[in-house]
Amino acid sequence: WTAETMQRQLPLRAGYVMPSPHLLQSLVVSRPMHGKFLREWTSNIGSSTAKRIRQQIMLGVGQGESIPQIMSRLRGANGVLIKTATEAQMVARTAVNHVQTHARQAVIAENSDVVERIQWLSTLDPRTSQICASLDGLTWPINAGPRPPAHPNCRSDIIPVLKPLSQIPGVDASKVPPSTRGAGS
């Protein structure tokens with residue numbers, strides 16, 4: 001997506017360098033998210049779910065509930081199984097954001113001859129965290145600054161900020177259609 005977007009913005013360039021499939025695959029297993037690797041996030045779901053199931057069964061038995069009542073306890077609006085689905089969604093969303101951010105960073109780094117900076121882009125709505133709202137729109141050099149995910153369930157992203165056309169070697173700004181030129185071009 002990043003390479004295609006840059007190609008649309010600067011169509012005179014022959015092509016953009018993509019990270020290798022090996023690098024993209026390694027992002028999933030070798031880069032920690034908030035201090036834990038993906039396998040640690042997913043292993044915790046299993047152990048925490050088992051613990052919550054045991055607790056709810058013990059509570060149900062202690063209160064003399066029937067098996068259908070205990071199953072209702074596990075499936076209810078705030079039940080263990082609902083919490084597990086929510087937790088799994090959080091891990092999936094955070095992991096996808098993590099991999100996408102690092103893949104985008106790899107594309108940006110490989111094309112540093114046309115990318116000037118990176119910019120933080122947050123989804124701004126009532127669910128936006130304070131940290132993501134405060135980072136929205138800020139820019140950093142390509143290899144500096146924070147990267148999403150800033151927290152579990154983060155929906156923020158980074159985007160490349162292209163250099164002015166006059167600073168890109170081999171590009172004649174007069175040949176770029178006005179509709180694709182940036183304000184600083």
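Report follows, based on the coordinates. (Residues numbered from 1 in each chain as written. Predicted model: local features only at pLDDT ≥ 70, side-chain atom pairs only at ≥ 80, totals over all residues. Heavy atoms only, no water.)

### Regarding the overall build of the chain
In terms of helices and strands, the chain carries 6 helices and 3 strands. Counted from the first residue to the last, the chain has its helices and strands arranged as α-α-α-α-α-β-α-β-β. Taking all 185 residues of the chain together, the buried fraction comes to 34%. Considering only intrachain contacts with a sequence separation of at least 6, the fraction spanning at least 24 residues in the chain is 65%. Accessible surface computed for the chain: about 10800 Å², of which carbon and sulfur atoms make up 58%. (Helix = DSSP H or I, 4+ residues; strand = E, 2+ residues; numbered from the N terminus. Buried < 20%, exposed > 50% of the residue type's maximum accessible area, 1.4 Å probe, protein only. Contact = heavy atoms within 4.5 Å. Areas by Shrake-Rupley, 256 points an atom, 1.4 Å probe, with all protein chains shown as cover.)

### A closer look at the sheet that holds strand β3 (residues 157–162)
Ordered in space as β2-β1-β3, the 3 strands form an open sheet in which the pairing is antiparallel. Of all the strands in the sheet, just β2 (139–141) and β3 have a single pairing partner and so form its edges. Strand-to-strand, the axes of this sheet are offset by a mean angle of 35 degrees, without reference to chain direction. (Pairing = 2+ DSSP bridges. Axes fitted to C-alpha atoms, helices over the stretch in contact; angles between N-to-C directions.)

### Quick notes on the state of the cysteines
By the definition in use, this model includes 0 disulfides. Cys-154 provides the cysteine sulfur closest to Cys-132, a residue in no disulfide bond, and the two sulfurs are 3.6 Å apart. Cys-132 gets classed as buried once you look at its relative accessible area, which sits at 3%. (Disulfide = S-S within 2.5 Å.)

### Thoughts on the nonpolar core
Membership of the largest hydrophobic core comes to 14 residues, with the highest contact counts inside it found for Ile-108, Val-115, Ile-118, Trp-120, Trp-140 and Ile-168. Mapped onto this core, the elements with two or more residues apiece are β1 (115–121) and α6 (130–135). Residue contributions to this core peak at 3 residues, all from β1. Setting aside anything within four residues of it in sequence, one finds Ile-108 in contact with Thr-2, Val-115, Ile-118, Ile-142, Ile-158, Ile-159 and Pro-160. (Core = buried A, V, L, I, M, F, W, Y, C linked by side-chain atoms within 4.5 Å.)

### Let's talk about the pairing of β1
The pairing of β1 with β3 spans 6 bridges and is classified as antiparallel. Along β3, the bridge assignment pairs Arg-117 with Val-161.

### Quick word on unusual backbone geometry
A cis amide bond, omega 0 degrees, links Pro-148 with the succeeding residue Pro-149. You can see Pro-149 is positioned in the loop between β2 and β3. Even without being glycine, Asn-153 reaches a positive phi, approximately 70 degrees. Here Asn-153 shows up in the loop between β2 and β3. Taking relative accessible area as the criterion, Asn-153 reaches 31% and is therefore assigned partly exposed.

### Focus: the pattern of salt bridges
According to the stated counting rule, one finds 2 salt bridges in the structure shown. Among the ionic pairs, Asp-157 bridges to Arg-104, the shortest N-O distance being 2.4 Å. With a gap of 53 residues between them, Asp-157 in strand β3 and Arg-104 in helix α5 (residues 80–110) connect regions that are remote in the sequence. In terms of burial, Asp-157 and Arg-104 fall into one category: buried. A salt bridge links Asp-125 to Arg-155, with the nearest nitrogen and oxygen atoms 2.8 Å apart. You can see Asp-125 sitting in the loop between β1 and α6 and its partner Arg-155 sitting in the loop between β2 and β3, a full 30 residues away along the chain. (Salt bridge = Lys/Arg side-chain N within 4 Å of Asp/Glu carboxyl O.)

### Structural notes on the environment of Gln-56
The topology assignment puts Gln-56 in helix α3 (residues 38–62). Along the backbone, Gln-56 and Val-80 are 24 residues apart, and their C-alpha atoms lie at a distance of 8.0 Å. If near-sequence neighbours (up to four positions away) are discounted, Gln-56 is found in contact with Arg-73, Leu-74 and Val-80.

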